[in-house]
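The lines below spell out each chain.
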Amino acid sequence: MASVTGTSISMASFKASLAPSSRISNVKSVSFPISGKSFTTLRMQPARFRISCAAKPETVTKVCEIVKKQLALPDDSAVTGESKFAALGADSLDTVEIVMGLEEEFGISVEEDSAQSIATVQDAADLIENLIEKKGA
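Enquirer: Give me a nonpolar patch on the surface: which residues, what numbers.
Expert: Judged by side-chain polarity, Leu93, Val96 and Met100 come together as a nonpolar surface patch covering roughly 290 Å² of accessible area. Looking at the secondary structure, you find Met100 in helix H2 (residues 92-106). Overall, Met100 belongs to the partly exposed group, its relative accessible area being 49%.

Structure (structure tokens):
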């Protein structure tokens, strides 16, 4: 039995595909207890659905360098695309300074709404490439 909460949907037997007319929306969590075994519930973060390609590795690397510089982290600090600004010790003022550094380095302008959606290095790198692409169009 599978269950989905948020907009609640329950299926007696889980199938790999749903009928073409099936609709699922506003999903907040999904759990799949199978054969009496319990599996971790998957929690969905409230966000807009977006499909994007990952930023180029060189963009992610440059963002990592800027984050390290803005947060005065040692050179040997492990900062990757998955690194969350909060986990690196950044507060809201640090995040604003990081965004300003990114704007200067990449010659872009980040809107306040977009800046507030940046939580990880990868988020920042994806946003930068998106803005550069729009700027060039």
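Once the structure has been displayed, the description carries forward.
Enquirer: Give me the pattern of salt bridges: which residues, what numbers.
Expert: Per the stated rule, a full pass over the model turns up one salt bridge. One salt bridge in this structure joins Glu105 and Lys62, with 3.5 Å as the shortest N-O distance. Remark: Lys62 occurs in helix H1 (residues 57-70) and Glu105 occurs in helix H2; sequence separation between them is 43 residues. Classification of Glu105 as partly exposed rests on a relative accessible area of 44%.

Enquirer: Quick one: what's the story with the environment of Glu58, residue by residue and with numbers?
Expert: Tracing the backbone through its elements, the reader meets Glu58 in helix H1. Note: C-alpha distance between Glu58 and Ala125 (67 residues apart in sequence) is 9.4 Å.

Conventions adopted
Along each chain, numbering runs from 1 in the same order as the chain's sequence is written. This being a predicted model, a pLDDT of at least 70 is required before a residue's local features are given, and a value of 80 or more before pairs of side-chain atoms are given or counted; all residues contribute to the totals for chains, interfaces and linings. Only heavy atoms go into the side-chain values, all of them from the structure, while hydrogens and water stay out. Only residues whose relative accessible area exceeds 30% and that take part in no salt bridge are eligible for patches, with like-charged residues grouped when within 9 Å of each other and nonpolar side chains (Val, Leu, Ile, Met, Phe, Trp, Tyr) grouped when within 5 Å. Each accessible area is a Shrake-Rupley result for a 1.4 Å probe, and residues are judged covered by the shown protein chains and nothing else. What counts as a salt bridge is simple: a side-chain nitrogen of Lys or Arg found within 4 Å of a carboxyl oxygen of Asp or Glu. Numbering goes from the N terminus for both helices and strands, where a helix is a DSSP run of H or I of at least four residues and a strand is a run of E of at least two. Accessible area is worked out with a 1.4 Å probe on protein chains only. A residue is then buried under 20% of its type maximum, exposed over 50%, and partly exposed in between.

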